[in-house]
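Topology and contacts: notes
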Amino acid sequence: MPFDYPTDSPSFFQTVINSIADGIYTVDLEMRITGFSRSAEKMTGHREADVLGRHCREVFRTSVCDTDCPLKWTLKHQKPVQNCTATLVCKEGERIPAFLSSDLLRDGEGRVSGCIGIIRDRREIEALKAKLQGEYCFSDFVGKSKAMTGIFDRIRAVAGTDVTVLIDGESGTGKEILARAIHYRSSRKAGPFVKVNCASLAESLLESELFGHERGAFTGAVAARQGRFREAGGGTLFLDEIGDMPVDLQAKLLRVLQSSEVTPVGGSQSCLIDVRIIAATHRDLEIAVKEAGFKDKKAVSRAIVIARDKFEKEGIMPKENTTKKKTRKAKKSDEISQLRTDIAGLRKQMKALDCSLRKEQSSKLLSAIAAKMLRLTILLG
């Protein structure tokens, strides 16, 4: 049905343009603004009366004005441009991410008289992307369950501080990945991330590994070593499996945490350290304290338990496991698709059978269809 409106009226077109949510503006061949819609006013903070006759570059100050202006490209190549990504600056200085589109304007005789520009605000899109990245994909973890987002919130809470952190969880739950996530979201992210496995070394070697040693401190100490605490200076020291640390060494670790000083094995001079401690264990330290297998939990005083339950229980999964799961799903999907194709082909063969054909051949086809249908039923579960 045709519009019953005076479509040749300028006010009609102005009303249509002002009703569109995207910002619309027009320029002449010298890139000076000749029209400015109501949505463009709201988006940029500029009034139409204030921008008419001004060069569009002065008004929008986009990130592509000097390099890839879509309107200039349209005027030069006589072709439209759609959804060019750019950032414009509004009147108050706020930077607005947007999509820019452009097309030619022609006069009554068909001659190019200028260009029309369309601005689509993409702030909401960017906000949603940031939310998805922040809540559902955190460092090397993927997840969106309530438990997962709760863990993300706790990581954010501790990452901005120098508080000592204890990550408590069973083997295989990604404690080291979680520790790295905390480190790389902290103010120490430019510093080193140094890992020590407390369960893999004997007590004498672990003490030297952590605190360093002087030359000649023990047999084989042919040179001085500064130790992991000093190597992690300005960064984070990750003490994995701290629950398996020998009891005597736990007391020395507690003194280091309290004084922020280390004394190398065989040395007499203490050295100040600037390091953040993140520890992890698969053991229940509350039970270990009661069984005298671990000194008072003050060895990780100010510690905050980040995670305990297994990934399967909480809906948490390292990315590499997610990839494997996706691969399995893809293989299953491919097999289902192939089975359906095979079944359709076998049914076509059944229909094409000549009446004079022996019953044995028909029986074989039916058996093949039945077998594939059974497998398909199992896969579809």
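Residues numbered from 1 in each chain as written. Predicted model: local features only at pLDDT ≥ 70, side-chain atom pairs only at ≥ 80, totals over all residues. Heavy atoms only, no water.

1. Brief notes about the packing of aromatic side chains
This is how the line gets drawn: Note on aromatic contacts: the rings of Phe and Tyr and the six-membered ring of Trp form a pair at centre separations within 6.5 Å, being stacked when their planes are under 30 degrees apart, edge-to-face when over 60 apart, and tilted otherwise. Labels follow the DSSP assignment, with helices taken as runs of H or I lasting at least four residues and strands as runs of E lasting at least two, numbered in each case from the N terminus. Partly exposed describes any residue whose relative accessible area lies between the buried limit of under 20% and the exposed limit of over 50%, with all areas from a 1.4 Å probe on protein chains only and scaled to the type maximum. Ring-over charges, as used throughout, are those where CZ of Arg or NZ of Lys falls within 6 Å of the ring centre and within 35 degrees of the ring normal.
As enumerated under the stated definition, the model contains 4 aromatic pairs in all. On the basis of an interplanar angle of 25° and a centroid distance of 5.9 Å, the ring pair of Phe193 and Phe238 is categorised as stacked. Of this pair, Phe193 sits in strand β9 (residues 193–197) while Phe238 is found in strand β10 (residues 236–240), placing the two residues 45 residues apart along the sequence. Judged by its relative accessible area of 13%, Phe193 falls in the buried class. Taking the centre distance of 5.7 Å and the plane angle of 20° together, the rings of Phe211 and Phe229 count as stacked. Of this pair, Phe211 sits in helix α9 (residues 203–211) while Phe229 sits in helix α10 (residues 228–231), placing them 18 residues apart in sequence. Taking the relative accessible area as the measure of exposure, Phe229 reaches 1% and is therefore buried. Through successive ring pairs, a cluster of aromatic residues spans Tyr25, Phe36 and Phe60. Sitting over the ring of Phe99, Arg122 keeps its end group 5.6 Å from the ring centre.

2. As for the sheet that holds strand β1 (residues 23–28)
The cut-off we apply is this: Strand pairing follows a simple DSSP-based rule, namely that at least 2 bridges must link the two strands. Simply put, an axis is a line fit to the C-alpha atoms, just over the touching stretch for a helix, and the angle between two N-to-C directions goes from 0 to 180 degrees. By the convention used here, residues are in contact when the closest approach between their heavy atoms is within 4.5 Å.
Strand order in the open sheet formed by 5 strands is β2-β1-β5-β4-β3, with antiparallel pairing between adjacent strands. Each having just a single partner strand, β2 (33–36) and β3 (81–89) make up the two edges of the open sheet. Between one strand and the next, the sheet's axes are offset by a mean angle of 30°, whatever the strand orientation. Judged from the 3 bridges that link them, β1 and β2 form a sheet pairing that is antiparallel. In the strand pairing of β2, Val27 is matched with Ile33. Strand contacts of helix α5 (residues 70–77): β1, β3, β4 (95–106) and β5 (112–121), with the helix running at about 20° to β4, the strand carrying the most contacts.

3. Concerning the confidence of the model for the protein
The following threshold applies: By definition, pLDDT measures how confident the predictor is in each residue, and it falls between 0 and 100.
Per-chain confidence: the protein averages 77 in pLDDT, with 72% of residues scoring 70 or above. Confidence over residues 295–320 falls short of pLDDT 50; this stretch has 82 contacts with residues more than four positions distant or in other chains.

4. Re the pairing of β5
One ladder, built from 6 bridges, connects β1 with β5; its direction is antiparallel. Across the sheet, Ile24 pairs through a bridge with Ile118, a residue of β5. As paired strands, β4 and β5 are joined by 9 bridges and run antiparallel to one another. Residue pairing for β5: Leu105 is matched across the bridge by Gly114. The hairpin formed by β4 and β5 contains 5 residues between the paired strands, and Gly110 there has a positive phi angle of roughly 85°.

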